[in-house]
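# Breakdown of the fold
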Amino acid sequence: MNQNDFINIINPFKDKVFRLAKRLLVSTEEAQDATQEVMVKLWTKNENLNSLSSVEAMAMTMTKNYCLDQLKSKRASNMSLVHSNYTDTEASLQQKIEDKDSWNWVEKIINELPEQQKMIIQMRDIEQYEFEDIAKMMNMNETAIRVALSRGRKTIRENLTKKHSYGIN
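The paragraphs below set out a description of the structure included in this document. Bear in mind the structure is a predicted one, so any value in this text is a computation, not a measurement.

The next thing to look at is the overall build of the chain. In terms of helices and strands, the chain carries seven helices and zero strands. Mapped in sequence order, the helices and strands of the chain form the string α-α-α-α-α-α-α. Among the 169 residues that make up the chain, the fraction classed as buried is 37%. Across the chain, every contact between residues at least 6 apart in sequence was considered, and the portion connecting residues at least 24 apart equals 66%. In the form shown here, the chain has an accessible surface area of approximately 10200 Å², with 47% of it arising from carbon and sulfur atoms.

Shown next as structure tokens:
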């Protein structure tokens, strides 16, 4: 496989690899390093890429494993929310401030979730992966993925509800 073919294969999901790395490692520089490391590993396997059913799933699994190894060797994770482009462009300034405040709270709550729930929320709610793909990447069954996702969402919902109803009884 030549370089152009390789680039055409990895380009559609390279940003997803970066966002997962950023979610897990927090630092943009570390996420860029992780992305580059995964791309180099894929390049060294490029002879076999045509035979793989899902290069993207393999890349995401490699990213997850690389980032977890980095976290184990360095420090505990601290996470930043990657996507904040959810607001309506016609929203009022007050609404934009409230939305940003809510996203900041969601980010803080996600930060406190167990590592597994963080990754599943990132892959399902932000990257929009199917349960089957997440199960393969996480080496778990789909039921366990759904349970972890449900628990993570419930924790976020409960903590946001507490935050929004604070002082109102």
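It is worth spelling out the side chain of Gln122 at this point. As for its position among the elements, Gln122 is in helix H5 (residues 115-126). With near-sequence residues (within four places) excluded, Gln122 lies in contact with Arg19, Leu20, Arg23 and Glu127.

Pairs may arise between side chains of opposite charge once their charged atoms sit close together. Taken as a whole, this structure holds nine salt bridges when the rule is applied. A salt bridge links Lys16 to Glu56; its shortest N-O distance comes to 3.3 Å. Placement of Lys16 in helix H1 (residues 3-25) and of Glu56 in helix H3 (residues 55-74) is noted, with a sequence separation of 40 residues between them. By relative accessible area, which is 22% here, Lys16 ends up partly exposed. With a relative accessible area of 23%, Glu56 lands in the partly exposed category. With its nearest N and O atoms 3.5 Å apart, the salt bridge here joins Glu132 to Lys136. Of the two residues, Glu132 and Lys136 both sit in helix H6 (residues 131-138), four residues apart, roughly one turn of that helix.

Within the largest apolar cluster, 41 residues are counted, with the highest numbers of intra-cluster contacts made by Phe13, Leu42, Ile120, Met138, Ile145 and Ile156. At the level of secondary structure, the elements contributing two or more residues to this core comprise H1, helix H2 (28-44), H3, helix H4 (93-111), H5, H6 and helix H7 (142-164). Filtering out sequence-adjacent residues up to four positions away, Ile156 remains in contact with Val106, Ile109, Ile110, Leu113 and Ile121.

Parameters and conventions
Residues numbered from 1 in each chain as written. Predicted model: local features only at pLDDT ≥ 70, side-chain atom pairs only at ≥ 80, totals over all residues. Heavy atoms only, no water. Helix = DSSP H or I, 4+ residues; strand = E, 2+ residues; numbered from the N terminus. Buried < 20%, exposed > 50% of the residue type's maximum accessible area, 1.4 Å probe, protein only. Contact = heavy atoms within 4.5 Å. Areas by Shrake-Rupley, 256 points an atom, 1.4 Å probe, with all protein chains shown as cover. Salt bridge = Lys/Arg side-chain N within 4 Å of Asp/Glu carboxyl O. Core = buried A, V, L, I, M, F, W, Y, C linked by side-chain atoms within 4.5 Å.

Interpretation in functional terms is not warranted from these geometric data alone.
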